[in-house]
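# Summary of structural features
For reference, the chains in residue letters:
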Amino acid sequence: MALHTLDPDWRIRAAAFQAVERMVARHGPTLRWEDIAKGFELDGQGLHLASKAVGIFRPKEMVGAALSIRTSMPRGNRQARYQDEPLKDGAFAYKLQDNAADNHHNRLLRQAREMSAPLIYFFAVEPAVYQPIWPIFIRDIDSERMECMLSVDDSVLAMQERGVPMVADSKAIEIRRQYVTAQAKRRLHQARFRLEVLRAYEEQCAVCLLPRPELLEAAHIIPDREESGEAVVPNGLSLCRLHHGVFDTDLMGIRPDGVIELSRKLLDTQDGPTLEHAIKPFQGQQLHLPKRREDQPGRKFLEERYERFRSFLKVG
Ligand SMILES: [Zn+2]
């Protein structure tokens, strides 16, 4: 059973996924509504990816299941959205539309579930800023609680599951889906962290002041795989991709007073214009820090990381 025999819209769906992939490659992990609203093209025709009016969306060119869903932003303070934690039992929970589980839009989700059609989930991380998550599948629809459970998948697995249904081991798929969904949740936290850190640094690299957000990343001072590596702004630095790499590999250290220190090994190397012009000149310079005190790097994070940089120097 091939994909297109199940989903009459498979060409549009595949084109939409590709379009989102290109947008993420171009703009970074989070997309502004104005970019999503531009939609995508297929056979010279413009199609929409999502709708501003409704959360559950199917473009008029499609006949089957929904193409995308979108969260609306909870009103109120920023804290509210952290309490609105979308993940439970290894899945995202998504509220159905209005009060009727069987209304037109909710039926588009039911259809997606019956056909195992993959959707795009535009998850709001801030007003008018979304992280797209795809492909995402409707796992369950709970009409009583008016919500559905979504799990993320990777496309290869999704194709396998639909292409060879008898061979697929459903338990293995479930475990895999839980893992991929947890990874998606992690990326969601990263996306929020990145937005907050970049904003604190006015969308510039703390080392070189490069002002291109698409080339900026939020570095963790203490890596997030470690217990003290929290995803909070004082544990973050806005760095361009180059300086993030130099920092992460401990070729560059930051003293607790914010002065940049390059490893001796690096300073002694003579190797082309990048090193000479984009790395070495920052030796002994002061890091550019956020104006707001509460956004500045935490002393304990800097001390712990600098300690590591020093011990790395001794070994390296
Ligand atoms: Zn930089």
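The shown structure was predicted, so the numbers you read here are calculated from the model rather than taken from an experiment.

The subject of this paragraph is the overall build of the protein chain. Secondary structure assignment for the protein chain yields 11 helices and 14 strands. Every one of the 316 residues in the protein chain was classed for burial, and the buried ones make up 47%. In the protein chain, of all internal contacts separated by at least 6 residues, the share reaching a separation of at least 24 is 62%. A total accessible area of about 16,700 Å² is found for the protein chain, and carbon and sulfur atoms account for 51% of it.

Here the zinc ion is held by Cys 205 (SG), Cys 208 (SG), Cys 240 (SG) and His 243 (ND1), and the distances to it run 2.1 to 2.4 Å. In this structure, the zinc ion is surrounded by four donor atoms whose angles at the metal cover 92 to 120°, and the resulting shape is tetrahedral. When the donor residues of the zinc ion are listed from N- to C-terminus, their spacing reads C-x2-C-x31-C-x2-H. Placement of Cys 205 in the loop between helix 7 (170-200) and strand 11 (216-220) and of His 243 in helix 8 (residues 241-248) is noted, with a sequence separation of 38 residues between them. For the pair Cys 205 and His 243, a shared accessibility class is recorded, and that class is buried.

With that settled, consider the packing of aromatic side chains. In the structure shown here, the tally under the stated rule is six aromatic pairs. With a centroid separation of 6.0 Å and 90° between ring planes, the pair formed by Phe 92 and Tyr 121 is classed as edge-to-face. Taken as a pair, Phe 92 in strand 7 (residues 91-95) and Tyr 121 in strand 8 (residues 119-126) lie far apart in primary sequence, 29 residues in all. The pair formed by Phe 92 and Tyr 121 is uniform in burial state, with each residue classed as buried. With centroids separated by 5.6 Å and ring planes inclined at 85°, the aromatic side chains of Tyr 94 and Tyr 121 adopt a geometry described as edge-to-face. Of this pair, Tyr 94 sits in strand 7 while Tyr 121 is found in strand 8, placing the two residues 27 residues apart along the sequence. Its relative accessible area of 1% is what places Tyr 121 among the buried residues. Connected via pairs of aromatic rings, a cluster forms that spans Phe 92, Tyr 94, Tyr 121 and Phe 123.

Before going further, it helps to spend a moment on the packing of helix 8 against helix 10 (residues 272-279). For the pair helix 8 and helix 10, interaxial distance at closest approach is 12 Å and the crossing angle is 90°. Viewed along their axes, helix 8 and helix 10 adopt a mutual orientation that is roughly perpendicular. Contact with helix 8, carried on its side by Leu 242, His 243 and Val 246, involves Thr 274, Ala 278 and Ile 279 of helix 10 and no other residues of that element. Split by residue class, the contact of helix 8 with helix 10 holds four nonpolar, two polar and no charged.

Rules used in this analysis
- Along each chain, residue indices are assigned from 1 in the same order as the chain's sequence is written.
- Per-residue local features of the predicted model are confined to residues with pLDDT of at least 70, and side-chain atom pairs are confined, for both listing and counting, to 80 or more; whole-chain, interface and lining totals are unaffected and use all residues.
- Processing note: side-chain calculations cover all non-hydrogen atoms of the structure and skip hydrogens and water entirely.
- Put simply, DSSP marks the helices as runs of H or I at least four residues long and the strands as runs of E at least two long, and each gets a number from the N terminus on.
- Residue burial is assigned from relative accessible area. The probe radius is 1.4 Å, only protein chains are included, and a residue is buried under 20% of its type maximum, exposed over 50%, and partly exposed in between.
- Residue contacts follow a heavy-atom distance rule, with two residues in contact if any of their heavy atoms lie within 4.5 Å.
- All accessible areas in this document rest on Shrake-Rupley with a 1.4 Å probe, and a residue is counted as covered only by the protein chains that are shown.
- Distances up to 2.8 Å from the metal define which N, O and S atoms are donors, and 3.2 Å serves for Na, K and Ca; water is absent from the atom set, so sites may look incomplete.
- A four-donor site is called tetrahedral if each angle lies between 85 and 135 degrees; a four-donor site is square planar, and a six-donor site octahedral, when trans pairs exceed 155 degrees and the remaining angles lie between 65 and 115; all other cases are labelled irregular.
- Two rings belonging to Phe, Tyr or Trp (six-membered ring only in the last case) form a pair when the distance between their centres is within 6.5 Å. Interplanar angles under 30 degrees mark stacking, angles over 60 mark edge-to-face geometry, and anything in between is tilted.
- With axes taken as lines fitted to C-alpha atoms, and helix axes fitted only over the stretch in contact, angles between N-to-C directions fall between 0 and 180 degrees.
- Note on terminology: angles under 35 degrees are roughly parallel, angles over 145 are roughly antiparallel, angles of 65 to 115 are roughly perpendicular, and the others are oblique.
- Under the scheme applied here, ten amino acids are nonpolar (Ala, Val, Leu, Ile, Met, Phe, Trp, Tyr, Cys and Pro), four are charged (Asp, Glu, Lys and Arg), and all others, including Gly, are polar.

Coordinates in, geometry out; function isn't part of it.
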